[in-house]
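Read off the chains here:
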Amino acid sequence: MTKVKYPQKRNYRQRAHSNPLSDHSFDYPVSPDVMDWTKLYPRFKPENEVKFCDIGCGYGGLLVTLSPMFPETYMVGFEIRVKVSDYVNDRFLALRQDNEVYHNAGVIRTNAMKYLPNFFRKGQLEKMFILYPDPHFKKCKHKWRIVSEGLLAEYAYVLKVSGLVYTVSDVKEVHDWMVEHFTNFPLFERYDPPAEDKAAQVLIGSTEEGKKVLRNKGQSWTAIFKRIEDPYLVNCAGT
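Figured I'd write up the structure that's included with this text. Note that the structure is predicted; figures quoted are calculated from it, not measured. (Residues numbered from 1 in each chain as written. Predicted model: local features only at pLDDT ≥ 70, side-chain atom pairs only at ≥ 80, totals over all residues. Heavy atoms only, no water.)

Quick word on helix 5 (residues 172–184)
The α-helix advances 3.6 residues per turn, and as a result positions three or four apart in sequence lie on the same side. As a reminder of what qualifies: A run of DSSP states H or I qualifies as a helix once it reaches four residues; a run of E qualifies as a strand once it reaches two. Both are numbered from the N-terminal end. Given the number of residues in a helix, its expected span is that number minus one, multiplied by 1.5 Å. Between buried and exposed lies partly exposed: a residue is buried under 20% and exposed over 50% of the maximum accessible area for its type, with that area taken using a 1.4 Å probe on protein chains only.
Here helix 5 contains 13 residues, and its C-alpha end-to-end distance of 18 Å stays within 8% of the 18 Å for a straight helix at 1.5 Å per residue. Those residues of helix 5 not exposed but buried are Val 174, His 175, Trp 177, Met 178, Val 179, His 181 and Phe 182.

This is the structure we're talking about:
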């Protein structure tokens, strides 16, 4: 069997930003019931489910870190850029050759702003990650941001109650934007993770963007949110 060489980033260069509202060409399932995860994970079984999702996973640093930390948990990264998603896929193919881990992580080129419910059923996910999202500074491009009221409804749909969303940004205005939107949304609340939350411990130092911020002695802001029961349903159940 031909050995897969570890990919070099210089061969996968692409623009840092992509318009998520443009008409891209994607393959996606019509519903989660017909999604074939075995194409992504060589050891996936029918009783398995993907539980972690990294939205805009970039070059896959977080997934590479989390995979051995949660060896029994299947996780996926969504990345809209073609060459970047190709790099992450080749990265995992290379890592799997010499390791017993990394068989539980993979990447899909898709647009999370449009197709998230096509991949995950209601309440399927335990953790979602939105790390260093594109800031889209111009006011006319705020609609491109990965956190908005409409998208939070979809995140709440695919997350189980008590599921967590981890967010990080090195742009204070974007951090404040995400905190404001999550805090004002009725199905999320700000969450202070316990010391044993392994995922919270690696949010900044695991991603390529986070490492760059650390090298430049910059600052990152973190906020974590928990999916809660629908207050309306809780009140109805109590009457």
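Description of the packing of helix 3 (residues 112–119) against helix 4 (residues 149–158)
Where we set the bar: Axis definition: a line fitted to C-alpha atoms, limited for helices to the stretch in contact. Angles are taken between N-to-C directions and run from 0 to 180 degrees. For classification, angles of less than 35 degrees are called roughly parallel, those exceeding 145 degrees roughly antiparallel, those between 65 and 115 degrees roughly perpendicular, and all remaining angles oblique. For any helix crossing, the convention is left-handed if the near helix is rotated counterclockwise from the far helix by under a right angle, and right-handed if that rotation is clockwise. Every residue pair with non-hydrogen atoms within 4.5 Å of one another is taken to be in contact. Here the nonpolar group is Ala, Val, Leu, Ile, Met, Phe, Trp, Tyr, Cys and Pro; Asp, Glu, Lys and Arg are the charged ones; every other residue, Gly included, is treated as polar.
Orientation of helix 3 relative to helix 4, taken along the N-to-C sense of each, is 20 degrees, at an axis distance of 10 Å. By the angle between their directions, the pair helix 3 and helix 4 is classed as roughly parallel. With respect to the hand of their crossing, helix 3 and helix 4 are arranged in left-handed fashion. Contacts between helix 3 and helix 4 involve Ala 112, Met 113, Leu 116 and Pro 117 on the former and, on the latter, Leu 151, Glu 154, Tyr 155 and Val 158. Of the residues belonging to the contact of helix 3 with helix 4, the class tally is 7 nonpolar, no polar and 1 charged.

A few points about the sheet that holds strand 7 (residues 221–227)
This is how the line gets drawn: The criterion for strand pairing is that DSSP finds at least two bridges linking the strands in question.
Strands sit in the order 3-2-1-4-5-7-6 across an open sheet of 7 strands; the sheet is mixed. Bordering the open sheet on either side are strand 3 (105–109) and strand 6 (188–190), each of which pairs with just one other strand. Recorded for the sheet is a direction-independent mean angle of 20 degrees between the axes of neighbouring strands. In the packing of helix 3 onto the sheet, contacts are made with strand 1 (50–55), strand 2 (74–79), strand 3 and strand 4 (125–131), and the angle to strand 2 comes to roughly 150 degrees. Strand contacts of helix 4: strand 4, strand 5 (159–169), strand 6 and strand 7, with the helix running at about 130 degrees to strand 5, the strand carrying the most contacts.

Structural notes on the pattern of salt bridges
Just so we agree on the cut-off: When a carboxyl oxygen of Asp or Glu lies within 4 Å of a side-chain nitrogen of Lys or Arg, that pair is called a salt bridge.
Tallying each qualifying case throughout the model produces 8 salt bridges. Here Glu 173 and Arg 145 are joined by a salt bridge, their closest N and O atoms 2.8 Å apart. Of this pair, Glu 173 sits in helix 5 while Arg 145 sits in the loop between strand 4 and helix 4, and the two are 28 residues apart along the sequence. Of the residues examined, Arg 145 reaches a relative accessible area of 3% and is grouped as buried. If you follow the salt bridges from partner to partner, you end up with Glu 49, Lys 51 and Arg 121 in one network.

Section: the packing of helix 1 (residues 61–69) against helix 2 (residues 82–98)
Axis separation between helix 1 and helix 2 bottoms out at 11 Å; the angle between their running directions is 30 degrees. One element, helix 1, and the other, helix 2, form an angle in the roughly parallel class. Taken as a pair, helix 1 and helix 2 cross one another with a handedness that is right-handed. In this structure, helix 1 contributes Gly 61, Leu 63 and Val 64 to the contact, and helix 2 contributes Arg 91, Phe 92 and Leu 95. Of the residues in the contact of helix 1 with helix 2, the class split is 4 nonpolar, 1 polar and 1 charged.

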